[in-house]
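Okay, here's what each chain looks like letter by letter:
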Amino acid sequence: NESLFLSDYFEPRDKQMIIPFEQLSSEALQGLIEEFITREGTDYGIEEVSLNTKVEQVKHLLKRREVVVVFDFATESASLLTRRDAEIIEQNRTAD
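Now for a description of the structure that goes with this document. (Residues numbered from 1 in each chain as written. Predicted model: local features only at pLDDT ≥ 70, side-chain atom pairs only at ≥ 80, totals over all residues. Heavy atoms only, no water.)

Across its full length, the protein carries three helices and three strands. Ordered by position from N to C terminus, the α and β elements of the protein give β-α-α-β-β-α. In the protein, which comprises 96 residues, the share counted as buried stands at 24%. Across the protein, every contact between residues at least 6 apart in sequence was considered, and the portion connecting residues at least 24 apart equals 56%. Of the roughly 7200 Å² that the protein leaves accessible, carbon and sulfur atoms contribute 52%. (Helix = DSSP H or I, 4+ residues; strand = E, 2+ residues; numbered from the N terminus. Buried < 20%, exposed > 50% of the residue type's maximum accessible area, 1.4 Å probe, protein only. Contact = heavy atoms within 4.5 Å. Areas by Shrake-Rupley, 256 points an atom, 1.4 Å probe, with all protein chains shown as cover.)

Okay, the environment of alanine 74 next. Among the structural elements, alanine 74 can be located in the loop between β2 (67-72) and β3 (77-82). Using a relative accessible area of 69% as the deciding quantity, one classes alanine 74 as exposed. Spatially, the C-alpha atoms of alanine 74 and glutamine 16 are 8.1 Å apart, while their sequence positions differ by 58 residues.

Within the structure shown, the criterion is met by one aromatic pair. Judged by centre distance (5.2 Å) and plane angle (85 degrees), the ring pair of phenylalanine 71 and phenylalanine 73 falls under edge-to-face. Since its relative accessible area comes to 13%, phenylalanine 73 is described here as buried. (Phe/Tyr/Trp six-rings, centres within 6.5 Å; stacked < 30°, edge-to-face > 60°.)

A separate point is the sheet that holds β2. Working definition: the strands of a sheet are paired by backbone hydrogen bonds and lie parallel or antiparallel to each other. Spatial ordering of the open sheet is given by β1-β2-β3, a layout of three strands whose pairing is antiparallel. The open sheet has two edge strands, β1 (16-19) and β3, and neither has a second partner. When the angles between neighbouring strand axes are averaged without regard to direction, this sheet yields 35 degrees. Pairing of β2 with β3 involves six bridges; the strand directions are antiparallel. Paired with valine 70 across the two strands is serine 79, which belongs to β3. Lying over the sheet, helix α2 (residues 51-63) contacts β2 and β3, oriented at roughly 80 degrees with respect to β2. (Pairing = 2+ DSSP bridges. Axes fitted to C-alpha atoms, helices over the stretch in contact; angles between N-to-C directions.)

Once that is clear, we can look at the pairing of β2. Most of β2 is tucked away: six of the six residues are buried. Residues Val67, Val69 and Phe71 line one face of β2 and the alternating positions Val68, Val70 and Asp72 line the opposite face, and both faces are buried. As judged from the four bridges shared by β1 and β2, these two strands associate in the antiparallel manner. Directly across from isoleucine 19, in β2, lies its bridge partner valine 69. The loop that links β2 with its antiparallel partner β3 comprises four residues; one of these, glutamate 76, has a positive phi angle of about 50 degrees.

With 15 residues, the main nonpolar core has Ile33, Val58, Leu62, Val69 and Leu80 as its most contacted residues. Of all the elements in the fold, those that place two or more residues in this core are α1 (26-40), α2 and β2. With five residues, α1 is the largest single contributor of residues to this core. Not counting chain neighbours up to four residues away, the residues in contact with leucine 62 comprise Phe21, Leu29, Ile33, Val67, Val68, Val69 and Leu80. (Core = buried A, V, L, I, M, F, W, Y, C linked by side-chain atoms within 4.5 Å.)

Now the structure itself:
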(Lines give C-alpha, C1' and ligand atoms only; values in the text may rest on other atoms or scores of the structure.)
Protein backbone atom coordinates (compact mmCIF):
# COMPACT_ATOMS: atom_id res chain seq x y z
CA ASN A 1 0.00 0.00 0.00
CA GLU A 2 2.01 2.96 -1.28
CA SER A 3 1.58 6.44 0.16
CA LEU A 4 0.52 9.32 -2.05
CA PHE A 5 2.28 11.91 0.11
CA LEU A 6 5.71 13.22 -0.88
CA SER A 7 6.61 13.80 2.75
CA ASP A 8 6.41 10.04 3.38
CA TYR A 9 9.29 9.47 0.95
CA PHE A 10 11.71 12.23 1.91
CA GLU A 11 12.14 15.16 4.25
CA PRO A 12 12.48 18.29 2.11
CA ARG A 13 15.10 20.76 3.26
CA ASP A 14 12.89 23.64 2.20
CA LYS A 15 9.29 23.99 3.25
CA GLN A 16 8.35 25.63 -0.06
CA MET A 17 9.79 25.90 -3.51
CA ILE A 18 9.04 27.86 -6.65
CA ILE A 19 8.19 25.68 -9.61
CA PRO A 20 7.96 26.77 -13.26
CA PHE A 21 4.35 27.44 -14.24
CA GLU A 22 5.06 25.69 -17.54
CA GLN A 23 5.23 22.37 -15.65
CA LEU A 24 1.55 22.56 -14.68
CA SER A 25 -1.28 21.24 -16.77
CA SER A 26 -3.45 23.94 -18.33
CA GLU A 27 -6.32 22.90 -16.04
CA ALA A 28 -4.19 23.11 -12.89
CA LEU A 29 -2.78 26.48 -13.94
CA GLN A 30 -6.26 27.83 -14.71
CA GLY A 31 -7.45 26.75 -11.25
CA LEU A 32 -4.49 28.39 -9.52
CA ILE A 33 -4.97 31.60 -11.49
CA GLU A 34 -8.69 31.78 -10.68
CA GLU A 35 -7.98 31.12 -6.99
CA PHE A 36 -5.30 33.85 -7.03
CA ILE A 37 -7.66 36.36 -8.66
CA THR A 38 -10.44 35.76 -6.13
CA ARG A 39 -7.99 35.69 -3.19
CA GLU A 40 -6.33 38.96 -4.19
CA GLY A 41 -9.62 40.87 -4.26
CA THR A 42 -8.00 43.44 -6.52
CA ASP A 43 -9.93 46.63 -7.11
CA TYR A 44 -10.17 47.27 -10.85
CA GLY A 45 -11.77 50.68 -10.41
CA ILE A 46 -15.03 51.81 -11.93
CA GLU A 47 -14.85 49.45 -14.91
CA GLU A 48 -15.59 45.81 -14.20
CA VAL A 49 -12.97 43.50 -15.70
CA SER A 50 -14.03 40.07 -16.96
CA LEU A 51 -12.57 36.90 -15.48
CA ASN A 52 -11.01 36.07 -18.86
CA THR A 53 -9.23 39.44 -18.92
CA LYS A 54 -7.99 38.97 -15.38
CA VAL A 55 -6.74 35.45 -16.24
CA GLU A 56 -4.81 36.81 -19.23
CA GLN A 57 -3.31 39.55 -17.04
CA VAL A 58 -2.09 36.97 -14.50
CA LYS A 59 -0.67 34.76 -17.28
CA HIS A 60 1.29 37.78 -18.49
CA LEU A 61 2.60 38.33 -14.93
CA LEU A 62 3.62 34.66 -14.77
CA LYS A 63 5.57 34.97 -18.03
CA ARG A 64 7.32 38.07 -16.65
CA ARG A 65 8.02 36.17 -13.38
CA GLU A 66 6.20 38.83 -11.35
CA VAL A 67 3.88 36.09 -10.09
CA VAL A 68 5.25 32.63 -9.29
CA VAL A 69 3.92 29.16 -8.51
CA VAL A 70 4.92 28.06 -5.02
CA PHE A 71 4.67 24.43 -3.93
CA ASP A 72 4.25 23.92 -0.18
CA PHE A 73 5.62 20.58 1.04
CA ALA A 74 3.72 20.72 4.34
CA THR A 75 0.31 20.95 2.69
CA GLU A 76 1.40 19.33 -0.58
CA SER A 77 -0.37 22.06 -2.50
CA ALA A 78 0.53 24.80 -4.94
CA SER A 79 -0.53 28.42 -5.06
CA LEU A 80 0.36 31.63 -6.83
CA LEU A 81 2.20 34.40 -5.03
CA THR A 82 3.64 37.67 -6.18
CA ARG A 83 7.42 37.38 -6.48
CA ARG A 84 7.69 39.98 -3.70
CA ASP A 85 5.54 37.90 -1.32
CA ALA A 86 7.53 34.75 -2.17
CA GLU A 87 10.80 36.57 -1.45
CA ILE A 88 9.48 37.84 1.90
CA ILE A 89 8.47 34.29 2.89
CA GLU A 90 11.93 33.04 1.89
CA GLN A 91 13.64 35.79 3.92
CA ASN A 92 11.54 34.98 6.99
CA ARG A 93 12.24 31.26 6.61
CA THR A 94 16.00 31.74 6.41
CA ALA A 95 15.92 34.13 9.38
CA ASP A 96 14.48 31.43 11.65
